[in-house]
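# Observations on chain architecture
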Amino acid sequence: MKTKRLLKLKHDHLELGFLSAHVTREDGDAAAWSLLVESPGETDVFRDHLAAATSMEFTMMTRDGESLRGEAYVSSLSGGTDSATMVVLAGVGTLRPA
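Conventions adopted
- Starting from 1, residues in each chain are numbered consecutively following that chain's sequence as written.
- Two thresholds apply to this predicted model, a pLDDT of at least 70 for residue-level local features and 80 or more for giving and counting side-chain atom pairs, whereas whole-chain, interface and lining totals are computed over all residues.
- Values shown for side chains rest on all heavy atoms present in the structure; no hydrogens or waters enter the calculation.
- Think of it in three bands: with a 1.4 Å probe and only protein chains considered, a residue is buried below 20% of the maximum accessible area for its type, exposed above 50%, and partly exposed in between.
- Secondary structure elements follow DSSP: runs of H or I no shorter than four residues count as helices, runs of E no shorter than two count as strands, and numbering proceeds from the N terminus.
- A pair of strands counts as paired when DSSP detects no fewer than two bridges linking them.
- The definition of a polar contact used here is a pair of N or O atoms within 3.5 Å, where within protein one atom must be able to donate a hydrogen and the other to accept one, and adjacent residues in sequence count solely through side-chain atom pairs.
- Contact definition: two residues touch when any of their heavy atoms are within 4.5 Å.

Moving on, we come to the pairing of strand E5 (residues 56-62). Side chains Met-56, Phe-58, Met-60 and Thr-62 of E5 all project onto a buried face; the interleaved residues Glu-57, Thr-59 and Met-61 project onto a face where none is buried. Pairing between strand E1 (residues 2-11) and E5: five bridges, direction antiparallel. By the bridge assignment for E5, His-11 is matched with Phe-58. Linking two consecutive strands that pair antiparallel, namely E5 and strand E6 (residues 67-78), is a turn of four residues; a positive phi of about 90° is found at Gly-65 within it.

Another aspect to go through is the side chain of Ser-20. Residue position: Ser-20 is located in strand E3 (residues 20-25). On the basis of relative accessibility, which here comes to 16%, the residue Ser-20 falls in the buried class. Here Arg-5 takes part through its side chain, which lies 3.2 Å from a polar atom of the side chain of Ser-20. When residues no more than four places from it in sequence are discounted, the contact partners of Ser-20 are Arg-5, Leu-36, Val-37 and Glu-38.

A separate point is unusual backbone geometry. Phi at Asp-12 takes a positive value of approximately 50°, unusual for a residue other than glycine. Given the relative accessible area of 58%, Asp-12 is considered exposed. The phi torsion at Ser-39 lies on the positive side, around 50°, for a residue other than glycine. Within the secondary structure layout, Ser-39 lies in the loop between strand E4 (33-38) and helix H1 (44-52). Residue classification places Ser-39 among the partly exposed positions, given a relative accessible area of 25%.

In short, the description is geometric, and any link to function would need to be established separately.
In structure tokens, the structure reads:
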């Protein structure tokens, strides 16, 4: 299992700001992957996809310069006034180079 911190995250050509984000993927060719976004600048886009149960296409840039593309569903969105908003996304299919 590998975890990489993200430098950039885009959805539909819109760059999504965040405090911290990382992608985790299992080893293997058809490996499962997930995405965790802490304190995203925009939560409505995640909330809308969660409510509609629709997937999101992402382009990501890791801190080590790797560009990745993938499709994911919002698994959960937690938000409170006293804590950071956390968005957990489950990858659909393989995570591939961009």
